[in-house]
Every structure is written in structure tokens, then in C-alpha cells.
Amino acid sequence: LDFRFTSEQALMRTTVREFAQREVAPNIDQYEEGAAFPADIVQKMGELGLMGIWVPAEYGGSGGDNMSWVTCLEELARVYSPVGSILLAHSHAARVMLYAGTDDQKREHLGPMSRGEALGAFALTEPQAGSDAAGIQTSARKDGDHYVLNGEKCFISNWGVAALYVIAAVTDPRPGERRISFFIVRDGTPGLHLGVRDRKMALPIAPTGNLILDDCHVPSQDMLGVEGEGLRIALAALTQERCGNAALSLGNAEAAYEYTLGYLKNRIAFGQPLAAFQGIQWMLADMAIQLEAARLLVYEAAWLVDEHEATAAKQIAIAKTFANEAAMRITTDCVQLLGGHGYMKDHPVERLMREAKLWAIGGGTTQVQRNIIGHYILR
Ligand SMILES: Cc1cc2nc3c(=O)[nH]c(=O)nc-3n(C[C@H](O)[C@H](O)[C@H](O)COP(=O)(O)OP(=O)(O)OC[C@H]3O[C@@H](n4cnc5c(N)ncnc54)[C@H](O)[C@@H]3O)c2cc1C
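Residues numbered from 1 in each chain as written. Predicted model: local features only at pLDDT ≥ 70, side-chain atom pairs only at ≥ 80, totals over all residues. Heavy atoms only, no water.

Some points on the site of the ligand
For the record, the criterion: Each residue is tested against the molecule or strand, and it is near if at least one of its non-hydrogen atoms lies within 4 Å. We define a polar contact as two N or O atoms separated by no more than 3.5 Å, with the added condition that, inside protein, one atom must be a possible hydrogen donor and the other a possible acceptor, whereas residues neighbouring each other in sequence contribute only through side-chain atom pairs. All accessible-area figures derive from a Shrake-Rupley calculation using a 1.4 Å probe, and residue coverage is judged against the displayed protein chains alone. In this text, helices come from DSSP runs of H or I with a minimum length of four residues, and strands from runs of E with a minimum of two, each type numbered from the N-terminal end. For this classification, the nonpolar set comprises Ala, Val, Leu, Ile, Met, Phe, Trp, Tyr, Cys and Pro, the charged set comprises Asp, Glu, Lys and Arg, and every other residue, Gly included, is treated as polar.
Around the ligand lies a shell of 17 residues, among which Phe122, Thr125, Ser131, Phe155 and Thr365 are the nearest. Here a nitrogen atom of the ligand sits 2.7 Å away from a polar atom, N or O, in the side chain of threonine 125. The protein chains hide 62% of the 960 Å² of surface that the ligand would expose on its own. Elements with a contribution of two residues or more to the shell around the ligand: strand E1 (120-123), strand E3 (146-157) and helix H10 (366-378). Considering each element in turn, the shell around the ligand owes the most residues, three residues, to E3. Counted by class, the shell around the ligand contains seven nonpolar, nine polar and one charged residues.

This is the structure we're talking about:
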């Protein structure tokens, strides 16, 4: 076993850490007050090669590995996870293209996406079907050299700012044959309408909302992969996306822990720093244990993806569940340890707690991850 990062992975960490501190950190208050989408940050991330870290160089990406991408998301979340969530959703769309697209589709889209010129969004969830992805109702009817899409998508990240939406729809509605396919739908395509923007608990600069598909004509050549193979494609892409989701949890938890540790060393109560009390040290120790375990699980999952290991899906579900839940426990305890100050927006811990909640829901809830783990245990 070798637990060291390669020089490329270590460089990625340093690069993203410095970038996030320099470009993102000074704007967090403004972002939290409801500032507009940070298009300038996306552009700079594109210039740094962060928008297409694992996209092969032949398609215009940085040609890096999954571990570097995971490290990038972790570092972004240590500073401000909404920026990481923009990258996560974008990467999800790019990944479906990479897995299922034709050479022409990859050459057309992955270069602009990797340079940050075209933002991607992944649209699977519907008002009546989230965890039960096979239950989506959006239809795609073949009509000559087009498909006609009708339906509604909800909670779609990068809503209203994406140039390319990767949308799942049912191409074969026969009972028992609910075969799903993915389509690339360009922003501005007639029949693709932005519905209502969501009002969320956190991540104000990362827009999510509904998409309405109303007789949206999509050229057949914009279908991704073989017709009817959409669920298989989605599951493969989701597996890798979950590593990124877990890395955002990890970054949130690390940020809260480090901030709280500094606070406890300086806050005096009963004549000594709070950190000197054993009851508080035990809480810190519990956090450190959870952080260390989460970090190892997330890195192992990322490594398994790079190694194309068949066991990756189970390990990723384990890593995501553990990291998601550890982040909730740690950020909640950090709010507690700052007392009344923790409840105030003058300190970042309440924001980190609100952000952490999303990772346990998005990308497949922690219950769904347990279903996956159970499936692999019993198979
Ligand atoms: C901010 C945000 C951004 C998002 N971005 C995107 C996006 O970009 N693209 C996209 O397609 N989707 C996106 N989603 C949707 C997200 O993936 C779903 O919300 C999630 O998968 C859960 O689906 P649901 O909301 O329909 O909940 P439901 O499926 O209705 O689940 C409700 C509850 O029941 C539990 N549950 C469901 N089934 C089972 C089961 N079999 N066993 C045990 N418990 C179960 C769930 O764990 C959950 O606790 C986003 C969501 C949010 C909140």
C-alpha cells in the first residue's frame, strides 16, 4: 500500500488551495448575500484546467486522474463548497458524454466544457422520481431524424447557466421495457424552458431549478449512447460522481473542524481556553477520528475508480455514506462548540452545516447508498 499522492495529485491540491484562497475566499460574504452566478470563477477554473481534469487530452481536457478531481473538489469545499458543486454538476454531464458519446460528440463538446466555455448540467430527477430513477416520466418520441422530448425535470444544478443539458428521457414506454436514453440539449433549444428557480437551504450562488420540456425537438445525433441504455450509463456515471460528492463532504467537515479548533484554543471560559477541557477534547478527538476515516475511505474510492476496480461501486457507496454522515455530525458539533456564536453568520460553521446536508441527499441519498451496499453484500 502506498498512501502518498503522486506529484501531479500533490500539485493539483496546492494549485486549487491557492486558487480558492485567492479568488474565492474574499468573496464568500458577497456570495452568501445572494450575489450572481460566479461566471468569472468558472472562467478562471477553465483556464487552470479544473473544468476538465479527467477529460482525456485528445478531447481537450487536462488528462488527469479521478483522484486529482476528488482532491480538487475537497480543496474547493474547504473554502466554499458551492463552487465545488458547480464543478460537480458540470463534471457529471461531461462524464456521461465521455462514457457514452461518439467520437464526434466528445470532440464537439468536451473541449469547450474543459475550458470552462460551456457549462454542463445533468438532468435525471423529476418531481415524482428521484431515488427511483427508473420511474422517470419524461418521454422522447422518435419523429424522423429528431426525438421530441416532453416532461419536467427538477432540482437541476447549473440551472439557467448551463450551455448543455444532458437529459434523461424514456424512449420505450412499453410496460417492463421502460428503456431510458440520454440526450444533449443545448440551452436555447425551442421547447426547452427554464421553470422556477429553487429557494434552497444553502449554496445561493449555485442555481438549481425546474426544466420544462414542451415538444422539444432534439436531433437524433444528439442522443448519447445506444437507445435504451440510459440507466446503465447513468449508474456508471453516478458511481464516479459520488466520489466527488463525498469529497465535498470531506472538505466541508475539514473546514469546520479547523475553524473550530482555532476558536477553542482562543476562547477563554472558567479561566482557561475551552480547548483545555477534557469534555471538549473528546469531542475534538471524535471529529478527528471521523475525519481520518472519511478521508481514507474517500481516497480509496477515488483510487478504485482510477483502477477500474469492479468493487468500486460498493466502496464508493460506503465512502459517500460515511463522509456524508461524518460531515453532518462534525459540522453540527462545530456549531455546538462555538455556542451562540456558532449559530451566527459571523462564523462559517452554520453555513458549513447547511451545505453539508446537501451531500447526504444529492447523488443518491444515504439510504439509497445503503441499498447499494446491501445489494453487494448479498449478491
Ligand atoms: C440542491 C440539489 C441539487 C440537485 N441537483 C441535481 C441535478 O443536478 N440533477 C439531477 O438529476 N438531480 C439533482 N438533484 C436531485 C437529487 O439527486 C434527489 O433529490 C435525490 O436523488 C433524492 O430524490 P428525491 O428528492 O426525489 O427523494 P425521494 O426519492 O422521494 O426520497 C425521499 C426519502 O425517501 C428515501 N428513500 C427513497 N427510496 C428509498 C428506498 N428504496 N429505501 C429507503 N429509503 C428510500 C430517501 O432516501 C429520502 O430520504 C438535486 C437535489 C438537490 C436538493
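A short note on the side chain of asparagine 324
We apply this condition: Remark: exposure states derive from per-residue accessible area (1.4 Å probe, protein chains only) relative to the maximum for the residue type, with buried under 20%, exposed over 50%, and partly exposed in between. Note on contacts: a residue pair qualifies if any of its non-hydrogen atoms lie within 4.5 Å across the two residues.
Within the secondary structure layout, asparagine 324 lies in helix H8 (residues 312-337). Owing to a relative accessible area of 0%, asparagine 324 belongs among the buried residues under this scheme. Look past the residues within four positions of asparagine 324 in its chain and what remains in contact with it is Asn245, Ser249, Trp359, Ala360 and Thr366.

As for the environment of alanine 301
Tracing the sequence through the fold places alanine 301 in helix H7 (residues 278-306). The exposure class assigned to alanine 301 is buried, which follows from its relative accessible area of 1%. Along the backbone, alanine 301 and cysteine 243 are 58 residues apart, and their C-alpha atoms lie at a distance of 6.5 Å. With residues near it in sequence (within four places) discarded, alanine 301 still touches Cys243, Gln315, Ile316 and Ala319.

Remarks on the side chain of asparagine 245
With respect to the helices and strands, asparagine 245 occurs in helix H6 (residues 230-266). Overall, the relative accessible area of 1% leaves asparagine 245 in the buried class. Dropping the residues within four chain positions of it, asparagine 245 is found in contact with Leu88, Lys320, Asn324, Trp359, Gly362 and Gly363.

Points about the pairing of E3
The following threshold applies: What makes two strands pair is DSSP finding at least two bridges between them.
Pairing of strand E2 (residues 139-143) with E3, which is carried by five bridges, proceeds in the antiparallel orientation. Looking at E3, one finds that lysine 142 is bridged to tyrosine 147. Joining the antiparallel neighbours E2 and E3 is a turn of two residues, in which glycine 144 adopts a positive phi near 65°. Relative to strand E7 (residues 208-219), E3 is paired through nine bridges, and the arrangement is antiparallel. For leucine 149, the partnering residue across the bridge sits in E7 and is cysteine 216.

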